[in-house]
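# An overview of the molecular structure
Residue-level listing of the chains:
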Amino acid sequence: MFSLHSSDAHCANLSNWTIKSEVKEDWSIVDGALHMCVQEGNIWGGWYQEVCNTFVYPHISGQYSAEIHVTLTPRLTFEQAGLGIYWDNANYIKISKELFDGKLSLVFVTEQKGSPKVNQRIDYQDESVDIKLEKSDGKVTAFYRTNKDSQWITIQSVDALAGEEEGLMLYTFSGDKSQPNEAVFRDLRVSS
């Protein structure tokens, strides 16, 4: 289990998570944090390529908030790690720490019916960030903060997608095994 705080005791056990296309040697739990080699592939629209080790917590719906601390210094274009609300590979809302158009960024994306859209991109140079998604009243709002002692900064709100989501996702995309990089996820908090 990794460092997880939630009103849902089920969420605290990693065995309750689904790991899509698991490659066990590419991830580990160290001192309560999830360490993951940034995976090749991406689920972005028409450029979809199979991605391994997408962690999905499937027992969440309704109104809730999820936040996590992410550490990654992306070196390759579109290399990223983040938190999302996952319906399926063609329908999701996510916030990533990412190298986007040559800039270290936070990128807030919606993909609906296989058509992705960048809702907001923010320059962000630090190696670590806290990111949060809140689902409430038919909207999903993304936030970030530079450390646990700072205030949350609102990025943007978008309409939630139709239907019931499969759950929350933790992911890494657009890596290259010949140039390995590692993302670290810690202090996931889920509340409803």
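The structure under discussion appears in the preceding block.
Residues numbered from 1 in each chain as written. Predicted model: local features only at pLDDT ≥ 70, side-chain atom pairs only at ≥ 80, totals over all residues. Heavy atoms only, no water.

### Some remarks on the overall build of the chain
Of regular secondary structure, the chain possesses zero helices and 15 strands. For the chain, whose C-alpha radius of gyration is 15 Å, the value lies close to the compact-globule estimate of 16 Å for 192 residues. When each of the 192 residues of the chain is scored for burial, the buried share is 53%. With an accessible surface of roughly 8,700 Å², the chain has 46% of that area assigned to carbon and sulfur atoms. Taking the 17 positively charged and 27 negatively charged side chains of the chain as two groups, their mean positions are separated by 4 Å. (Helix = DSSP H or I, 4+ residues; strand = E, 2+ residues; numbered from the N terminus. Rg over C-alpha atoms; globule rule 2.2 N^0.38 Å. Buried < 20%, exposed > 50% of the residue type's maximum accessible area, 1.4 Å probe, protein only. Areas by Shrake-Rupley, 256 points an atom, 1.4 Å probe, with all protein chains shown as cover. Lys, Arg positive; Asp, Glu negative; His and termini not counted. Charge placed at Lys NZ, Arg CZ, Asp CG, Glu CD.)

### A few points about the side chain of Ser 65
As for its position among the elements, Ser 65 is in strand E6 (residues 64–71). For Ser 65, the contacting residues outside a window of four places in its chain are Lys 132, Leu 133, Glu 134, Arg 189, Val 190 and Ser 191. (Contact = heavy atoms within 4.5 Å.)

### Remarks on the pattern of salt bridges
Opposite charge on two side chains permits pairing when their charged atoms draw close. Under the defined criterion, the tally for this structure stands at eight salt bridges. Where Lys 20 meets Glu 166, a salt bridge forms, and the shortest distance between an N and an O atom there is 3.1 Å. Here Lys 20, found in strand E2 (residues 18–20), pairs with Glu 166, found in the loop between strand E13 (153–159) and strand E14 (167–173); they are 146 residues apart in sequence, far enough to count as distant. What makes Lys 20 partly exposed here is its relative accessible area of 25%. Of the charged contacts, one joins Arg 145 and Glu 67 as a salt bridge, the two residues approaching to 3.5 Å between their closest N and O atoms. Of this pair, Arg 145 sits in strand E12 (residues 139–145) while Glu 67 sits in strand E6; the two residues are 78 residues apart in sequence, bridging distant segments of the chain. (Salt bridge = Lys/Arg side-chain N within 4 Å of Asp/Glu carboxyl O.)

### Some thoughts on the nonpolar core
Counting 40 residues, the largest nonpolar core has Phe 55 and Phe 185 as its most contacted members. In contact with Phe 55, other than residues within four places in its own chain, are Leu 14, Trp 17, Thr 18, Ile 19, Trp 27, Leu 34, Met 36, Leu 168, Met 169 and Leu 170. (Core = buried A, V, L, I, M, F, W, Y, C linked by side-chain atoms within 4.5 Å.)

### Side note on the packing of aromatic side chains
We describe a pair of aromatic rings using the distance from one ring centre to the other and the angle between the two ring planes. Using the criterion set out here, one finds five aromatic pairs in the structure. With a centroid separation of 5.3 Å and an interplanar angle of 45°, the aromatic rings of Trp 17 and Tyr 57 are classed as tilted. Of this pair, Trp 17 sits in the loop between strand E1 (4–6) and E2 while Tyr 57 sits in strand E5 (residues 54–57), and the two are 40 residues apart along the sequence. For the pair formed by Trp 17 and Tyr 57, the shared burial category is buried. Measuring from centroid to centroid gives 5.9 Å for Tyr 124 and Tyr 144, while their planes differ by 80°, and the two rings are edge-to-face. Remark: Tyr 144 occurs in strand E12 and Tyr 124 occurs in the loop between strand E10 (115–123) and strand E11 (128–136); sequence separation between them is 20 residues. Assessed through its relative accessible area of 5%, Tyr 124 is described here as buried. Lying across the ring of Trp 27, Lys 24 places its NZ or CZ 3.6 Å from the centre. Taking NZ or CZ as reference, Lys 132 lies 4.8 Å from the ring centre of Phe 143, over its face. (Phe/Tyr/Trp six-rings, centres within 6.5 Å; stacked < 30°, edge-to-face > 60°. Lys NZ or Arg CZ within 6 Å of the ring centre and 35° of its normal.)

### Notes on the sheet that holds strand E7 (residues 80–88)
Within the open sheet, the seven strands sit side by side as E2-E5-E14-E7-E8-E9-E10. Their pairing is antiparallel. Two strands lie at the open edges of the sheet, namely E2 and E10, each paired on one side alone. Between one strand axis and the next, the sheet turns by 25° as a mean value, whatever way the strands run. Pairing geometry for E5 and E14, over three bridges, is antiparallel. Residue pairing for E14: Tyr 57 is matched across the bridge by Leu 168. (Pairing = 2+ DSSP bridges. Axes fitted to C-alpha atoms, helices over the stretch in contact; angles between N-to-C directions.)

Function cannot be read off these values alone, since they describe shape.
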